[in-house]
Each structure stands twice: as C-alpha cells, then as structure tokens.
Amino acid sequence: MNEERFWSMIEKAWDTGAGMKSERSKLSKGKLSEEDADALTEALDETIEALREQFSGLDKEDMLEFDRILERKLYDLDRAEIQEFTDGSDDGFLYARGFIVAAGKGYYDAVNAKPKIAMMDMECEDMCYLSFHVYKERFGDMPQSGISRESCSNKAGWPNLK
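First things first, this report covers the structure right here in the doc.

Analysis parameters
Think of each chain on its own: its residues are numbered from 1, step by step along the sequence as written. Two thresholds apply to this predicted model, a pLDDT of at least 70 for residue-level local features and 80 or more for giving and counting side-chain atom pairs, whereas whole-chain, interface and lining totals are computed over all residues. Hydrogens and waters are ignored; side-chain quantities use all the structure's heavy atoms. To pair, rings of Phe, Tyr and Trp, with the six-membered ring standing in for Trp, must have centres within 6.5 Å; the planes then decide the type, stacked if under 30 degrees apart, edge-to-face if over 60, and tilted in the middle. Only protein chains enter the accessibility calculation, which uses a 1.4 Å probe. A residue is then buried if its area is under 20% of the maximum for its type, exposed if over 50%, and partly exposed in between. Strands are runs of DSSP state E lasting at least two residues, helices are runs of H or I lasting at least four, and both sets are numbered from the N terminus onward. By salt bridge we mean one thing: a side-chain nitrogen of Lys or Arg within 4 Å of a carboxyl oxygen of Asp or Glu.

Right, let's talk about the packing of aromatic side chains for a bit. Two numbers describe a pair of aromatic rings. These are the distance of the centres and the angle of the planes. Under the criterion given, the structure shown has seven aromatic pairs. When the ring of phenylalanine 6 is compared with that of tryptophan 7, the centres are 5.0 Å apart and the planes differ by 80 degrees; the resulting orientation is edge-to-face. The exposure class of phenylalanine 6 is buried, given its relative accessible area of 0%. Ring centres of tyrosine 135 and phenylalanine 139 lie 5.3 Å apart, and the angle between their planes is 55 degrees; on these two criteria the pair is classed as tilted. Of the two residues, tyrosine 135 and phenylalanine 139 both sit in helix α8 (residues 125-139), four residues apart, roughly one turn of that helix. Judged by relative accessible area, tyrosine 135 falls into the buried class, the value being 2%. When its relative accessible area of 27% is taken as the criterion, phenylalanine 139 is described as partly exposed. In textbook terms, an aromatic cluster arises when at least three aromatic residues are bridged by ring pairs, as seen for Phe6, Trp7, Phe55, Phe66 and Tyr108.

Structure, rendered in structure tokens:
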C-alpha cells in the first residue's frame, strides 16, 4: 500500500458508487453549488460502502498501511486555517476532514493548498474510522501509530493553542 494506491482505491469507490466526477471537479475548484453539494453528500454512503468492499481484498499489512495513510491525511489537514472554512466543533472538524479525504485527491490537494476552497458543513464521519474498524473486525486490535486523527492534535496547525 502506498499513497497512489490509497487514492486509487478512493477513486474506484466513487466509480463503483455514484461517480460524481463533475461535481467533485467543481468542488476542487471551489465552484460547487449547494444543490450539487447535497447530492455529493448523499452519494457518500454508496461510496463508503464500495470502499469497505475493496478492503476485503487487502491483507493485514495493506489494511494497516491504508489506515496509516488516512490517519496522516487527516492529521495534515488538522489546521486552524482549514477549520475556519469547515466547522467549529472538534468532532465536526474531524468529520469535515473525513469528507475532504473521502472526496478524493483533487479536493484534498486543493484544500491543503488553499483552505478557503473547503466547504462548510460537508462531513463524512464514516471515512475517519472506516479502515480502523475494518482492521479491528478482521485482524483484532490495531497497533498504535503515535499520530492522532482527533482535532487540534497537529500542534503545527494550531500555533495559537497552548
């Protein structure tokens, strides 16, 4: 498992599910309408289920590495400058970061580079812990990584927090 395969699996999940390529492209450019945003959010259930199905083909090592990459992506997005454009609560901001990753590499890269592209109230709680739960179901307890996906744990992203 590497980042390329990680993003490829997310893209395949979208292709298997609702697709939404045009909407996700608009999202990455900061040009998604409220109506299309609602449709994109509704399509997440199908996409997450398609991703879960792909996990059945992963061995223990790849499953762990998928979760580690996800954890790192969520951690890297854990920044005050991104939170400003998404949601105010700790859990809400985690779920917003879950949405950013679930939407695919294009949106992730766009928000990472230009936080104001992030949309308010776009959340995907399931993405935040999906691979963790599947790993636990299939292989038992997951070894700890030392990185937290919880909000405000990336100290570099929150310079004003003590």
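On we go from here.
Another aspect to go through is the pattern of salt bridges. Under the definition given, this model contains twelve salt bridges. In this structure, the salt-bridge partner of aspartate 15 is lysine 21, at a minimum N-O distance of 3.4 Å. Under the relative-accessibility criterion, aspartate 15 is labelled partly exposed at 45%. For aspartate 67, the salt bridge is made with arginine 149, and the minimal N-O distance between the two is 2.9 Å. Linking aspartate 67 in helix α4 (residues 60-76) with arginine 149 in the segment after α8, this pair joins segments that are 82 residues apart in sequence. Across the pair, arginine 149 and aspartate 67 agree in class, each one buried.

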